[in-house]
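Listed here are the chains, written in short residue letters.
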Amino acid sequence: MKKAKISMFYPEEACHKTAMGLFESASDLPLICPHTHLDPWLFVDGSEAFKDPASLFVTPDHYVLRMLISHGISFTALGHSPLDSDKRKATPQAVWQVFCDHFSLFDGTPTGLWIENALAMVFEIDEKPHAENAQALFSHIQSVIDCADFCPQKLYQAFNIEDLSTTDAALESLDAHRAIRESSWGQPVRPTFRPDQVIDIGHPEWRENIDSLSRVCDLDIGDFCSYIQALEQRRVYFKAMGAVATDLGAEIPFTCCLSDDRVEAIFQRGLVQKLTSADARLFKGHMITEMARMSVEDGLVMQFHVGAFRNHNPTVFRTYGPDLGFDIPVAVEWTHNLKPLLDAFGMDERLRLILFTLDESGYARELAPIAGAYPAVKLGPPWWFHDSPNGMMRYFEAVMETAGIDNTVGFNDDTRAFLSIPTRHDLWRRMSAHWLAKLVHRGQIDIATAHNRMVDLAYGLVKRGYRLV
Amino acid sequence: MKKAKISMFYPEEACHKTAMGLFESASDLPLICPHTHLDPWLFVDGSEAFKDPASLFVTPDHYVLRMLISHGISFTALGHSPLDSDKRKATPQAVWQVFCDHFSLFDGTPTGLWIENALAMVFEIDEKPHAENAQALFSHIQSVIDCADFCPQKLYQAFNIEDLSTTDAALESLDAHRAIRESSWGQPVRPTFRPDQVIDIGHPEWRENIDSLSRVCDLDIGDFCSYIQALEQRRVYFKAMGAVATDLGAEIPFTCCLSDDRVEAIFQRGLVQKLTSADARLFKGHMITEMARMSVEDGLVMQFHVGAFRNHNPTVFRTYGPDLGFDIPVAVEWTHNLKPLLDAFGMDERLRLILFTLDESGYARELAPIAGAYPAVKLGPPWWFHDSPNGMMRYFEAVMETAGIDNTVGFNDDTRAFLSIPTRHDLWRRMSAHWLAKLVHRGQIDIATAHNRMVDLAYGLVKRGYRLV
Amino acid sequence: MKKAKISMFYPEEACHKTAMGLFESASDLPLICPHTHLDPWLFVDGSEAFKDPASLFVTPDHYVLRMLISHGISFTALGHSPLDSDKRKATPQAVWQVFCDHFSLFDGTPTGLWIENALAMVFEIDEKPHAENAQALFSHIQSVIDCADFCPQKLYQAFNIEDLSTTDAALESLDAHRAIRESSWGQPVRPTFRPDQVIDIGHPEWRENIDSLSRVCDLDIGDFCSYIQALEQRRVYFKAMGAVATDLGAEIPFTCCLSDDRVEAIFQRGLVQKLTSADARLFKGHMITEMARMSVEDGLVMQFHVGAFRNHNPTVFRTYGPDLGFDIPVAVEWTHNLKPLLDAFGMDERLRLILFTLDESGYARELAPIAGAYPAVKLGPPWWFHDSPNGMMRYFEAVMETAGIDNTVGFNDDTRAFLSIPTRHDLWRRMSAHWLAKLVHRGQIDIATAHNRMVDLAYGLVKRGYRLV
């Protein structure tokens, strides 16, 4: 018998060179950003977030806030005031100083990496921020911000972005998106349909949101059937405004298919606000399956983000609001929870269900096996806390062997920090190159395949994954 | 005080050379295959599976099927027709063409690695399959298959196999095994006692299987006592036919010890098919402990495979049957679940309980600590989805520090794909060499120890682990 | 746009040299040992444990025992006799021989590494123990032990220890600590307040322990209020004896805040021993929160160790007692369980809550996000089975990106094996250097930062973390 073809052994040195070569070959490909949390008004009239260094890098970034808060810095020192108070916020200069004073907290974190790279890539700053250079950096960044060229539309092109989506609540008018489409600018900025506020029947504001939904759709929502009709109508509108995808979040991915009578009964209890917690759970589970059904019919890609316990600290939430760094992950069970949805639509290729998790223990155990079997399922990139050098390597190593590269959808930056977009994609491409180089030197793929796969990981998978071709 | 003896630092380059040396030194050791899913008739009269390239590599391999299905290829295009239909299957040439068309789906997967290596090692094909070379490869493989030398008995020896076990349902006549034993061939092919069909009391066919068991044992099974007697009788028969081990599967490893009255009551409800789901769970838990008790008494090694939700998609199961790639793993809890069994027999060395899991999060957390304390327990190699380059490295890194090498049992290929046996063992040996070389260069073991451990991992541990010495 | 500043690529060879350099620069820093299980009498009058090689290395070490037991060696052969028997124990020479006979069981384990290093560092023995050299090693070690210089006080200084804490039950008189403080020796040996025995209301001996607590505090404990008063009084006493921390263990980290009436009712049922298991769980959950409240008030650091199913095997426990290697980890959920405590005190910097887990799947999923947000929380080092080369690397890679270095507290050895202290800290420093060197060569931190962080990981973080500055 002949020797094995694939050696699995390799000298690291050569591997390192191959990795650099792969990265270089893909570093100029355009960026596809199918999942961001940018404010679409950025691309109409600029925005608050581009006023000064503190509002660019500190105040709105929950990654930055949480780390500083964890060291006992107050929200007010970081530019947030209590929701019910008109207490004066810290000045941008003061916020920036606190941030630079404590920048070493970010040593070895992806936040530190993104910020250092953004400073270098966008502002040509090669120094690490610290207490002494804080105000000089502030002035330099402010002077760049104040230039006419430093506006989101121009940065979109400077960043080599080809396509970008925002995330928009189901009730949104999408006025900003309409304005962009009607302008002469011509670059794609798409909305994404996020229906959580009208689906989470247990949420205190759900009843009110249904009234708004009624109004927006000009439809009397008195039963489940008209409710579904309203949601479908909204999807049609989002699609007309350029949307290619929906997005849904849940703490756990419980799904189910209720009978018409049962779902109607729960819906009616929801309207009169006499819901049990079991009702709320079942309704959410049923609606996730309904969203899959609608995607089968209208072709919108269905994104499903699972695993965050939102607003974990009630004091922070009550005093300062959501999205300030106090969302904590939980363990996620997929195999049983997702079964009712997969029983109904998992074999149907018209459904494109992209799964995201905060629980990496599910990568190799549940998600890769599911994506590697069901035609409807693909895996999103490492999400949130795992959008990091080690998080990406763990993802490649745990997911790819079982799911296969083609059951993943490349990268998305999932960010509200516009300036971090280039460095986030850049990092993904570098880590992709690392991983592919190892496959080459072990003998698992040849170098030509590696170059093709590099283009896939940087560009092709996300474009095909979100049906942008 | 003197410096530490063990440096933990090493240059990768030297490590890579050591790894290659360790592998070379062990690459000619015979293969021990104590857990396969081969059809024993292969070694009596050849088989269907050896007819053409498609039936060798595609149609029966659930790893291959699932990946192609996940990309929307139909089961019929892959040689499967619906169970209740006589719809004509695709020709072997057509199946092979579809497979080669989509071979890049296997980039970076263990399936891709096994197939490329099997083509190279067995058929001397160094090209990667693709759309254009598909039919040429088909003809070449077919011409080799058609040679008189290409038969399972001769391949057994060409592959350097020393001992091999199949997996056989409790009700099996073992006629194939008897035929092999009575032939002049003389190589060991052992049955393994797999009692799931007569233990899973909740299974729709259990009642019928008990009738068959009655018949096979010529024993009236009217109570739990006669049922146990029948199982023991079957074990005696399997042992007489060469068996050294049993195999049991479960979604979760729940075990218990019921009172005689309680187990009898459940058994009687099972006979009249008036079982609750709690009954079924308790009975399975009790029978796992019973199997351990029988192993204490007759010395058969007890294999226990946990964590697969079988036939996850009901449509695929109903239409095409089991084992087609739609088994999805679940999280597994061992510490509480296995305790009743371990309380009873965990300290008894006469029991050899080998555990397999699909949930890697249990490796370092539960399995290695259990195997590193209880004399009865050893850990099986990385299983199924984890039988892969990264899966093996994760296993070595997570298991060995706490369990110790000697509480593991080397490798087994667990395959129904005969031609993949050499490459699977070869991969295990290469990854073992990687891991040992790192220990050497960190200073944790010396090179002489590494060579001994290399032989252990490739040959000694599995032989001793399955009591083949 | 400019290129990214941080390359993420590096040649391994250079990285290896940087790692060695970082380690060398920190290898002479003093050891801070804020969590040991040493007997404080060691530092007053020496101890039983220092009598001979077997009692130094084998008999009291649960890591060593479990591995030998797992291979069928009996407890009696290892120097343990059944609790209720006066069966003669094996001689130290015989125990040592068995240990050396089977030393290869420890190949690749941290126990093997610690022992080989301790033999080299303390006894200048460079040979690996084996059957033939066993008695010669015994004689050599015995001759060193018998020297006047070989006593715990002198070793404390030879090991370059700067500060050390023991772990002491709430009812302890702390006579040894008083004797040390009153002696002329002058090195810090601090008690740690471990209240489990008076908090675990479900434990068979709890009632009796409350009587002892009454006696020790000279306080009539008839209600929850006086019980709390007694605990606070004990904390004052421990603090006066030098304590800087408390320590609490639990299988799962369930916490809650009960109403005064509810906790009083449970306490009263506890006093008359009419407790339900729900009572016991709630009481423990409430008391964990109470311990946090006390730490807010008295400033003692609160250590919380979670995830061990203690005394998993009832026969071993009944026959030989606790702490013999039969504690098995379980999965741990933090996000929901810890919420009541964090709601109450998580934002309060006066609380310093250090979390330890045996379930690594929580590192990146729950613990790093919690520590990276809540000012009160920091993460302890990899614990118990994970105090190992791979365990440390997994910890660095999974925790640091999200928690940040400054939300961790360096290393602690958590050992009852005094001679293993230098090698344990040495290993942590080597693995820290590895991890930091990778950050340097990827471009994430500069070399000056790496040197500072090396000092932090080896010395600064633990000192600040336990408020020893």
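Model, not experiment: these values are computed from the prediction.

Scoring rules and cut-offs
- Residues numbered from 1 in each chain as written.
- Chains lettered and ligands numbered in written order.
- Predicted model: local features only at pLDDT ≥ 70, side-chain atom pairs only at ≥ 80, totals over all residues.
- Heavy atoms only, no water.
- Least-squares fit on C-alpha atoms with pLDDT ≥ 70 in both.
- Contact = heavy atoms within 4.5 Å.
- Helix = DSSP H or I, 4+ residues; strand = E, 2+ residues; numbered from the N terminus.
- Buried < 20%, exposed > 50% of the residue type's maximum accessible area, 1.4 Å probe, protein only.
- Salt bridge = Lys/Arg side-chain N within 4 Å of Asp/Glu carboxyl O.
- Phe/Tyr/Trp six-rings, centres within 6.5 Å; stacked < 30°, edge-to-face > 60°.
- Lys NZ or Arg CZ within 6 Å of the ring centre and 35° of its normal.
- Bend = angle between axes of the 7 residues up to and from the residue.
- Pairing = 2+ DSSP bridges.
- Axes fitted to C-alpha atoms, helices over the stretch in contact; angles between N-to-C directions.
- Buried area = accessible area lost by both parts, 1.4 Å probe.
- Nonpolar A, V, L, I, M, F, W, Y, C, P; charged D, E, K, R; others polar.

Asker: Describe the relation of the copies chain C and chain A, naming the residues involved and giving the relevant values.
Answerer: There are two copies of the chain, and a rotation about an axis plus a shift along that axis relates them. Superposition record for chain C on chain A: RMSD 0.0 Å, screw rotation 120°, translation along axis 0.0 Å. The relationship between the two copies is best expressed as a three-fold rotation axis. With a heterologous cut-off of 20% or less, the 6% of interface residues of chain C that recur at the interface of chain A puts this contact in the heterologous class.

Asker: Outline the environment of B:Glu205, supporting the account with residue identities and numerical values.
Answerer: Residues and elements named next belong to chain B. Tracing the chain through its elements places Glu205 in the loop between α10 (196-199) and α11 (206-217). Note on Glu205: relative accessible area 43%, which makes it partly exposed. When the C-alpha positions of Glu205 and Glu264 are compared, they lie 20 Å apart, and in sequence the two are 59 residues distant.

Asker: Give a detailed account of the pattern of salt bridges, specifying residues and quantitative values.
Answerer: On inspection of all chains with the given rule, the structure shows 81 salt bridges over all chains. One salt bridge in this structure joins A:Asp406 and A:Arg453, with 2.8 Å as the shortest N-O distance. Taken as a pair, A:Asp406 in the loop between α18 (389-403) and α19 (421-442) and A:Arg453 in helix α20 (residues 447-465) lie far apart in primary sequence, 47 residues in all. You can call A:Asp406 buried: its relative accessible area is 14%. A salt bridge links C:Glu162 to C:Lys463; the shortest N-O distance between them is 2.6 Å. Remark: C:Lys463 occurs in helix α20 (residues 447-465) and C:Glu162 occurs in strand β2 (residues 161-165); sequence separation between them is 301 residues. Residue class for C:Lys463 comes out buried when judged on its relative accessible area of 16%. Beyond isolated ion pairs, a larger network of salt bridges with shared partners links A:Asp107, A:Lys128, C:Asp406, C:Arg453, C:Asp456 and C:Arg464.

Asker: An account of the packing of aromatic side chains is requested, with residue identities and associated values reported.
Answerer: Under the defined criterion, the tally for this structure stands at 111 aromatic pairs over all chains. Between B:Phe103 and B:Phe106 the ring centres are 5.8 Å apart and the planes differ by 45°, which places this aromatic pair in the tilted class. Each member of the pair, B:Phe103 as well as B:Phe106, carries the same accessibility label: buried. Positioned over the ring face of C:Phe254 is C:Arg281, at 3.9 Å from the centre of the ring. The side chain of C:Arg424 reaches across the aromatic face of C:Trp114, ending 3.7 Å from its centre.

Asker: Explain α20(A) to me, and be specific about the residues and the numbers.
Answerer: Of all the bends in α20(A), the largest measures some 60° and sits at A:Asp456. Directly beyond the C-terminal end of α20(A), a positive phi value near 55° is found at A:Arg467.

Asker: Please set out the sheet that holds strand β1 (residues 31-33) of chain A residue by residue, giving values where relevant.
Answerer: Residues and elements named next belong to chain A. Ordered by their spatial adjacency, three strands build an open sheet running β1-β2-β4, and the pairing between neighbours is parallel. Both outer strands of the open sheet, β1 and β4 (189-190), are each paired with one neighbouring strand and no more. Pairing analysis gives two bridges linking strand β2 (residues 161-165) to β4, with the strands arranged parallel. Its bridge partner being in β4, Leu164 is matched across the sheet by Val189. Helix-sheet contacts for α19 involve β1 and β2, and the interaxial angle to β1 is about 110°.

Asker: Please provide a residue-by-residue account of the interface of chain C and chain A, values included.
Answerer: It is common to give the size of an interface as the accessible area lost on bringing the parts into contact. Contacts between the two partners involve 50 residues from chain C, matched on the other side by 61 residues from chain A. Summing both partners gives a buried area of about 4,700 Å² for chain C against chain A, and 56% of it is carried by carbon and sulfur. Measuring nitrogen to oxygen at the nearest pair gives 2.9 Å for the salt bridge that ties C:Arg453 to A:Asp107. Looking at the side of chain C that touches chain A, the elements with two or more residues in it are α1 (12-26), α16 (339-345), α17 (361-371), α18 (389-403), α19 (421-442) and α20 of chain C. With eight residues, α17(C) is the largest single contributor of residues to the side of chain C that touches chain A. Its residues assigned to classes, the side of chain C that touches chain A comprises 23 nonpolar, ten polar and 17 charged.

Read these as spatial facts, not as claims about activity.
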